[in-house]
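Overview (structure and organization)
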Amino acid sequence: MEFGPQPELIESSLCRSIEQAGVRLTINIVRLATERGWSLEVVNEHGTSTVWDNLFPTDRDADAAFRDVLAQEGVEAFLGK
């Protein structure tokens with residue numbers, strides 16, 4: 001089975017790892033070169049991934065959504081309990 005070339009994945013400069021309350025989180029903000037919307041994924045130190053269903057118009061909007069959840073719910077929101 002042949003697959004065509006995969007679109008290039010563009011990483012935001014806002015991608016990063018942070019540690020808060022002793023928990024390491026990796027924030028991935030990416031988009032396909034062929035798409036306008038940015039996707040947001042947060043991965044905890046156990047490899048559990050939290051992905052937002054919607055795309056964001058800008059990488060800054062995606063980062064703001066992450067920061068909002070972190071401020072409102074704390075790192076527990078990303079522990080996958």
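Here goes a summary of the coordinates provided. (Residues numbered from 1 in each chain as written. Predicted model: local features only at pLDDT ≥ 70, side-chain atom pairs only at ≥ 80, totals over all residues. Heavy atoms only, no water.)

The next point concerns the pattern of salt bridges. Any two side chains of opposite charge can pair if their charged atoms end up close together. Overall, the coordinates contain 3 salt bridges when judged by the stated rule. Two residues, arginine 16 and aspartate 63, come together in a salt bridge whose shortest N-O distance is 2.8 Å. Linking arginine 16 in strand 2 (residues 16-20) with aspartate 63 in helix 1 (residues 59-73), this pair joins segments that are 47 residues apart in sequence. Arginine 24 is the salt-bridge partner of glutamate 19, the closest N and O atoms lying 3.4 Å from each other. Owing to a relative accessible area of 37%, arginine 24 belongs among the partly exposed residues under this scheme. It is possible to trace a salt-bridge network through shared partners that takes in Arg16, Asp63 and Arg67. (Salt bridge = Lys/Arg side-chain N within 4 Å of Asp/Glu carboxyl O. Helix = DSSP H or I, 4+ residues; strand = E, 2+ residues; numbered from the N terminus. Buried < 20%, exposed > 50% of the residue type's maximum accessible area, 1.4 Å probe, protein only.)

A few words now on the side chain of asparagine 44. Looking at where asparagine 44 falls in the secondary structure, it is placed in strand 4 (residues 39-44). At 2.9 Å, the side chain of asparagine 44 and the backbone oxygen of phenylalanine 78 are in polar contact. Excluding residues that lie within four positions of it along the chain, asparagine 44 makes contacts with Arg24, Leu25, Phe78, Leu79 and Gly80. (Polar contact = N/O pair within 3.5 Å; in protein donor to acceptor, adjacent residues only side chain to side chain. Contact = heavy atoms within 4.5 Å.)

This part covers the nonpolar core. Of all hydrophobic cores here, the largest spans 18 residues; its most connected members are Leu40, Val42, Trp52, Phe66 and Phe78. For this core, the secondary-structure elements that each account for two or more residues are strand 3 (23-32), strand 4 and helix 1. The element that contributes the greatest number of residues to this core is helix 1, accounting for 5 residues. Contact partners of leucine 40, with chain neighbours within four places excluded, come to Ile27, Asn28, Ile29, Thr50, Val51, Trp52, Phe56, Ala62, Ala65 and Phe66. (Core = buried A, V, L, I, M, F, W, Y, C linked by side-chain atoms within 4.5 Å.)

On to the environment of tryptophan 52, then. Structurally, the position occupied by tryptophan 52 is in the loop between strand 5 (49-51) and helix 1. Residues tryptophan 52 and alanine 64, spaced 12 residues apart in sequence, show a C-alpha to C-alpha distance of 12 Å. If near-sequence neighbours (up to four positions away) are discounted, tryptophan 52 is found in contact with Leu40, Val42, Ala65, Phe66, Val69 and Phe78.

As a further point, take helix 1. Over its 15 residues, helix 1 runs 21 Å from end to end, which matches the ideal 21 Å to within 8%, given 1.5 Å per residue. Turning to helix 1, its buried residues are Asp59, Ala62, Asp63, Ala65, Phe66, Val69 and Leu70. Down the axis of helix 1, the sector holding all buried residues measures 155 degrees, keeping them to one side. The exposed set on the far side of helix 1, more than 90 degrees from its buried face, consists of Arg60, Ala71 and Gln72. (Expected span 1.5 Å × (residues − 1). Arc of directions from axis to C-beta.)

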